[in-house]
Amino acid sequence: MLPIVNRVVLGLVGLVLLVLGGSVLAVGLGAPVPSWWIHDSKHDVLLSNAERTRWQDESWWWPVVIAVLAVLLLLALWWLVAVLRRRRTAEVLVDTGDGDGALLRGRALEDVLTQEAARIDGVDGAHAHLKGRRSSPEAHVRLALEPHVDPGTALTDFTTGALAHAKTSAGLDSLPAELRLRGVKHGAERVS
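Thresholds, definitions, all that
- Residues numbered from 1 in each chain as written.
- Predicted model: local features only at pLDDT ≥ 70, side-chain atom pairs only at ≥ 80, totals over all residues.
- Heavy atoms only, no water.
- Salt bridge = Lys/Arg side-chain N within 4 Å of Asp/Glu carboxyl O.
- Buried < 20%, exposed > 50% of the residue type's maximum accessible area, 1.4 Å probe, protein only.
- Helix = DSSP H or I, 4+ residues; strand = E, 2+ residues; numbered from the N terminus.
- Expected span 1.5 Å × (residues − 1).
- Bend = angle between axes of the 7 residues up to and from the residue.
- Contact = heavy atoms within 4.5 Å.
- Core = buried A, V, L, I, M, F, W, Y, C linked by side-chain atoms within 4.5 Å.
- 1 Å grid on protein atoms, 1.4 Å probe; cavity = no way out; pocket = protein on both sides within 12 Å on 5 of 7 lines; lining within 4 Å.
- Points joined across faces, edges and corners; volume = space filled by probe spheres on them.
- Nonpolar A, V, L, I, M, F, W, Y, C, P; charged D, E, K, R; others polar.
- Pairing = 2+ DSSP bridges.
- Axes fitted to C-alpha atoms, helices over the stretch in contact; angles between N-to-C directions.

Student: I tried to follow the pattern of salt bridges on my own but got confused; where do I start?
Tutor: It is possible for side chains of opposite charge to pair when their charged atoms get near one another. In the structure shown here, the tally under the stated rule is one salt bridge. Here R180 ties to E178 by a salt bridge, and the two come within 2.8 Å at their closest N and O atoms. Relative accessible area serves as the criterion here: at 53%, R180 is assigned to the exposed category. Owing to a relative accessible area of 33%, E178 belongs among the partly exposed residues under this scheme.

Right under this line is the structure:
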């Protein structure tokens, strides 16, 4: 969801800036402008003295300006934190039974999941990565299936094989997984 919001927000901001910048450039180069447009000629300033001070004496003006700017600041901070937040699980907490626990590198578990999933019959390629917290990771796996493979069989083989082994070896109570299957492109077979 976040990558979609990120792209939409960046696209809208970019579009608004492009339209405003392009219109200011066009007016500055002497292009004709509609009567309703905010600038009249290439000698017009962006904000005149009258435009800057028009609402200054109204009692509602400054609270509204401050509220809008505060909301924009909070949205910008939320977006920055969401973009900078680590997307992958760097380590998985393994319960050793003695109360201490051990840390398993997330990349190591991803590599094992990928290699074991790639060995499933009919799987042409696999890629796995972990998300979530270190005490409760989630596996996100993509499998490329050969044309003759039944997706249900591949799903069963993955959940009873690679996923079950990863869960038990890491000592996790559960390892939720999102599995995406896609077919490998292949040439047409000749029938004689």
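Having seen the model, we can carry on.
Student: Before we go on, may I ask you to explain helix α5 (residues 151–169) in this structure?
Tutor: Helical periodicity: at 3.6 residues per turn, an α-helix aligns residues three or four positions apart in one direction. Over its 19 residues, α5 runs 26 Å from end to end, which matches the ideal 27 Å to within 8%, given 1.5 Å per residue. Its maximal kink placed at F158, α5 deviates by approximately 35°. Looking at the buried residues of α5, the elements they touch are α4 (106–118), β4 (137–145) and β5 (177–183).

Student: Whenever I open this one, the nonpolar core confuses me. Can you help?
Tutor: Across soluble globular proteins, nonpolar side chains have a tendency to be buried as a group. Judged by nonpolar contacts, the single largest core of 21 residues is most densely connected at L113, L130, A139, V141, L143, L145 and F158. Counting only elements with at least two residues in this core, the list comes to α4, β3 (123–132), β4 and α5. For this core, the element with the highest residue contribution is α5, accounting for five residues. What F158 contacts, discounting residues up to four positions off in sequence, is L113, A117, I120, V141, L143, L163 and L179.

Student: I tried to follow the layout of surface pockets on my own but got confused; where do I start?
Tutor: The gaps left among the atoms become clear once a water-sized probe is rolled over them. What the second largest pocket holds in volume is close to 210 Å³. Around the second largest pocket, the lining residues are V5, V9, L10, V13, L72, L75, A76, W78 and W79. Secondary-structure elements contributing two or more residues to the lining of the second largest pocket are α1 (2–28) and α3 (61–84). No other element matches the five residues that α3 contributes to the lining of the second largest pocket. Considering only residue class, the lining of the second largest pocket consists of nine nonpolar, no polar and no charged.

Student: How should the sheet that holds β5 be read in this particular structure?
Tutor: The strands making up a sheet are joined through hydrogen bonds of the backbone, oriented either antiparallel or parallel. On the basis of which strands lie adjacent, the open sheet formed by three strands has the order β3-β4-β5 and mixed pairing. Every interior strand has two partners, whereas the edge strands, β3 and β5, have only one. Sheet twist, expressed as the average angle between the axes of neighbouring strands with direction ignored, equals 15°. In this structure, β4 lies alongside β5, joined through seven bridges in parallel fashion. Counted as the bridge partner of A139 is A177 from β5. Relative to the sheet, α4 contacts β3 and β4, its axis offset from that of β3 by approximately 155°.

As far as function goes, none of this settles anything; it's purely spatial.
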